[in-house]
Amino acid sequence: MSNVIEQIESQIAKLSTKVARKNTGLIRTIADGVAKIEGLSDVMYNEMVSFPGGVIGIALNLEEDEVGCVILGDVSQLKQGDEVATTGKLLSIPVGKALLGRVVDALGRPVDGKGPIDSKETYPVEKIAPGIIVRKSVSQPLFTGIMAIDSMIPIGRGQRELIIGDRGTGKTTICIDTIINQARINKVGLASGDKGFRPVYSIYVAVGQKQSNIVRTISALEAADALQYTIIVAAPAADNPANQYLAPFSGAALGEWFMENGMDALIVYDDLSKHAVAYRQISLILKRPSGREAYPGDVFYLHSRLLERSARLDGKGSLTALPVIETQAGDVSAYIPTNVISITDGQIFLETDLFNQGIRPAVSVGLSVSRVGSSAQIKVTKQVGGKLKGELAQFRELAAFAQFGSDLDAKTKATLDRGARIVELFKQPQLNPVAIEVQASVLWVLQKSYFDSLEVKHIVTAANSLKDYLTSRKADLLTQIRNEAKLTDPIETGLKAAADEWKNTFSAK
Amino acid sequence: MAADKQTKLLAKQLFKLSVVNGVVSPEQVAGVLGWVEKTSPHRPVALLKAYQHRIALELAKSRAEVEHAGPVGDATLKQIEAAMTKRYARPVTATAKANPKLLAGLRVRVGSDIYESSVAGQLATLSV
């Protein structure tokens, strides 16, 4: 019996008698997910504030006699006069590889019904972007698996490349294809046992999207077996604007963890137009002064501080960003599009007209650019695709003039024929990224005029047939191209032999 | 009726006049009230409410409300007063208030700061 008493006594002795200090305040008003709080004299900007019922808020407006907090949870139980307290912590979310394959909300909590996430580390949602000393220039490619992009608008690891276009032009598809391609490359690279191989982990941030669209994206990634290398941060349209505002920053925190720990990551912000709208909503409710199109004055800073966190770090990893912007009627000169265009290192512009003509992906070659340029391309792509952009630009220019007259000289006709074939060759079905070695081989075949004898309407079929032929019959040659990453004499000989053989079989059909 | 921007600004100015050396001065407050009565400014009720709110918040900074579940002696109150006066570098007076919900221990509130040393507070921490 005395043993039991001793146990209780020791437990009492262990009890902390230390005084806990907390800084508190009272809710003065609460509306639209924003609470005005009186008190909280010690609160910090962006500090987590604890509301009754375990609800968390963030202090965004620090005014002389009140604090404006956005609430990141259920506000239905909160009322005027409720006591709130500071936590002394800036908003942080769980990070790490344990989140791969999971769908989380803006606070890193699982929403996929697969149970709790066993993550041991946390990372601040808001963090100052890496400075100039620790950065390294972008020189390693990140293959999207989309021929038109990899050959003409190359993306490098650590780059910010904007995907911009009207609704329904295939912006999300490009992003999903890129994620699937990373998963495919990861599988091949990890299976090869190459110790220098660096896998790319993907983060897809869905902001303000319909839940059904998010489910479709998850299904597409699952079907392509790409979810195991991907984290999805979901802040759907039904979520409150505070979560929609935070989701891209949470995604950036997840990506930064990979970057800081020597790994490479890709992050897709789909999309920042809706993110800006969510931020505008919060700012208006917080009664911040509004500017152009009622956006607050710091909407540029909102996106610049987010996208500047994508970088390639010296001696560490990289974080590549693919922000998405939706334009209205192709207007790239609107407020948010011009902001994000000026922040990013290039843009891929998708045109509705091209999409409706069946040219998919509907990449507008004239308006799309990658400011990193060919430094993010492997040599083989430069060798086979270096002139493609110029040829296509010439084609577009001549095609416009050719509409007015039928008498064309031989050179113009040849340029038009070549351009039409390139356009056809770049047509690619969705969720079907093409390996870089296959892309290079197909472009080599194009450059060597193997497609010139074919009618333009047969180019897509011929290209598909060539891809099938190469992947099923010339796997060794493709592996050689992938490993050497440049056109050598033996590779060119191999390609010529393969192209001749394919041409014979294709022509025989 | 909520105070408009101008009323809030005037209340703030009157409040500043009422504080001398960081302490609310009863003489200054009386002077302010006399001025309001004499000049009858725009929306006087809203003005006085906003003014009263500011004064109440300021007074709360100089008052330590000691909530307790069991008995609390004068010596303890004096100790708390001395500690808080030192901490906030202003004279703080302690007032006792019984609160059986604390189960045991004390909770001291000074302005928007709460010093929690009660069983109820510890149980609340465990429940989160």
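Calculation notes
Residues numbered from 1 in each chain as written. Chains lettered and ligands numbered in written order. Predicted model: local features only at pLDDT ≥ 70, side-chain atom pairs only at ≥ 80, totals over all residues. Heavy atoms only, no water. Helix = DSSP H or I, 4+ residues; strand = E, 2+ residues; numbered from the N terminus. Contact = heavy atoms within 4.5 Å. Areas by Shrake-Rupley, 256 points an atom, 1.4 Å probe, with all protein chains shown as cover. Domains from an automatic or database assignment. Buried area = accessible area lost by both parts, 1.4 Å probe. Salt bridge = Lys/Arg side-chain N within 4 Å of Asp/Glu carboxyl O. Polar contact = N/O pair within 3.5 Å; in protein donor to acceptor, adjacent residues only side chain to side chain. Nonpolar A, V, L, I, M, F, W, Y, C, P; charged D, E, K, R; others polar. Patch = residues over 30% accessible without salt bridge, like charges linked within 9 Å, V, L, I, M, F, W, Y side chains within 5 Å. Buried < 20%, exposed > 50% of the residue type's maximum accessible area, 1.4 Å probe, protein only. Phe/Tyr/Trp six-rings, centres within 6.5 Å; stacked < 30°, edge-to-face > 60°. Pairing = 2+ DSSP bridges. Axes fitted to C-alpha atoms, helices over the stretch in contact; angles between N-to-C directions. 1 Å grid on protein atoms, 1.4 Å probe; cavity = no way out; pocket = protein on both sides within 12 Å on 5 of 7 lines; lining within 4 Å. Points joined across faces, edges and corners; volume = space filled by probe spheres on them.

Q: Teacher, can you tell me more about the overall build of chain A here?
A: Secondary structure assignment for chain A yields 16 helices and 16 strands. Based on the C-alpha atoms only, the size of chain A along its principal axes is roughly 95 × 60 × 45 Å. Within chain A, residue pairs in contact and separated by at least 24 positions form 73% of the contacts whose partners lie at least 6 positions apart. Entry remark: accessible area of chain A is about 22400 Å², with carbon and sulfur atoms responsible for 53%.

Q: Looking at this model, I keep getting lost on the domain arrangement of chain B. Mind explaining?
A: By a widespread convention, an interface's size corresponds to the accessible area lost as its parts come together. Residue and element names in this part refer to chain B. According to the domain assignment, chain B consists of domain 1 (5-60) and domain 2 (63-127). Taking only C-alpha atoms into account, the centre of domain 1 sits 29 Å from that of domain 2. Between domain 1 and domain 2, the residue contacts involve four residues of the former and four residues of the latter. Summed over both partners, the interface of domain 1 with domain 2 buries about 360 Å², with 34% contributed by carbon and sulfur atoms. Taken as a group, Glu58, Leu59 and Ala60 account for 79% of the area that domain 1 buries against domain 2, more than any other trio of residues on that side. Scanning the region where domain 1 abuts domain 2 turns up one salt bridge. Put simply, domain 1 and domain 2 have four residue pairs in polar contact (both at pLDDT 80 or more) between them. Residue classes in the side of domain 1 that touches domain 2 are distributed as two nonpolar, one polar and one charged.

Q: Teacher, can you tell me more about a nonpolar patch on the surface here?
A: Residues and elements named next belong to chain A. A cluster of nonpolar side chains, namely Ile132, Ile133 and Val134, defines an oily patch on the protein surface of about 370 Å² accessible area. With respect to the helices and strands, Val134 occurs in the loop between strand S9 (121-124) and helix H2 (147-152). Judged by relative accessible area, Val134 falls into the partly exposed class, the value being 43%.

Q: Quick question: what am I supposed to make of the packing of aromatic side chains here?
A: Residue and element names in this part refer to chain A. Tallied over the full model, the rule gives nine aromatic pairs over all chains. Considering the side-chain rings of Trp502 and Phe506, the 5.3 Å spacing of their centres and the 20° angle between planes classify their relative orientation as stacked. Of this pair, Trp502 and Phe506 are both found in helix H16 (residues 489-508), four residues apart, which corresponds to roughly one turn of the helix. Summarising the burial analysis for this pair, Trp502 and Phe506 share the class buried.

Q: Even after reading the chapter, I still don't get the sheet that holds strand S10 (residues 162-165) of chain A, so can you show me in this structure?
A: Whenever strands of a sheet pair, they do so through backbone hydrogen bonds, lying parallel or antiparallel. All names here are of chain A. Read across the open sheet, the eight strands follow the order S8-S12-S11-S13-S14-S10-S15-S16; overall the sheet is mixed. Two strands close off the open sheet at either side, each with one partner strand: strand S8 (103-104) and strand S16 (369-370). Examined bridge by bridge, strand S11 (residues 200-207) and strand S12 (residues 230-235) share six bridges and lie parallel to one another. Note that in S12 the partner of Val205 across the bridge is Val233. Of the strands in this sheet, S8, S11 and S12 are in contact with helix H4 (residues 211-223), which crosses S12 at around 175°. The sheet contacts of helix H5 (residues 241-260) involve S11, S12, strand S13 (264-270) and strand S14 (318-326), and relative to S11 the element is tilted by about 175°.

Q: So what exactly am I meant to see when it comes to empty space enclosed by the protein here?
A: A probe as big as a water molecule, rolled over the atoms, marks out the empty space that is left. Residues and elements named next belong to chain A. Throughout the structure, instances matching the rule amount to three cavities of 30 Å³ or more. Roughly 90 Å³ of internal volume is contained in the largest cavity. Put simply, the parts of the chain that give the lining of the largest cavity at least two residues each are H2 and helix H11 (388-402).

Q: What am I meant to see in the side chain of Gln377 of chain A here?
A: Residues and elements named next belong to chain A. Turning to its location among the elements, Gln377 is positioned in the loop between S16 and helix H10 (379-385). Separated by 3.1 Å, the side chain of Gln377 and the backbone oxygen of Asp150 make a polar contact. Polar side-chain contacts of Gln377 include one of 3.0 Å to the backbone oxygen of Ser151. Setting aside chain neighbours within four positions, we find Gln377 in contact with Asp150, Ser151, Met152, Pro154 and Lys382.

Q: Help me understand the interface of chain B and chain A, please; the structure alone is not making it clear to me.
A: The interface of chain B with chain A comprises 13 residues on the first partner and 19 residues on the second. Buried area between chain B and chain A, both sides added, is near 1200 Å², and the carbon and sulfur share of it is 36%. On inspection of chain B and its partner chain A, the count reaches four salt bridges. Glu83 of chain A is the salt-bridge partner of Arg109 of chain B, the closest N and O atoms lying 2.7 Å from each other. In this assembly, chain B and chain A are joined by twelve residue pairs in polar contact (both at pLDDT 80 or more). Of all the secondary structure elements, the ones that give two or more residues to the side of chain B that touches chain A are helix H3 (44-61) and strand S6 (113-118) of chain B.

Q: Whenever I open this one, the pairing of strand S4 (residues 56-62) of chain A confuses me. Can you help?
A: On any regular strand, side chains alternate: one points to one face of the sheet, the next to the other face. Residue and element names in this part refer to chain A. Among the seven residues that make up S4, five are buried, leaving the element largely enclosed by the rest of the structure. As defined by bridge partners, strand S3 (residues 47-50) adjoins S4 across three bridges and the pair is classed as antiparallel. If you follow Ser50 over to S4, its bridge partner there is Ile56. Counting the residues that bridge the hairpin from S3 to S4 gives five residues, and of these Gly53 lies at a positive phi of roughly 80°. Direction of pairing for S4 relative to strand S5 (residues 67-71): antiparallel, over a ladder of five bridges. Its bridge partner lying in S5, Leu62 is registered against Val67.

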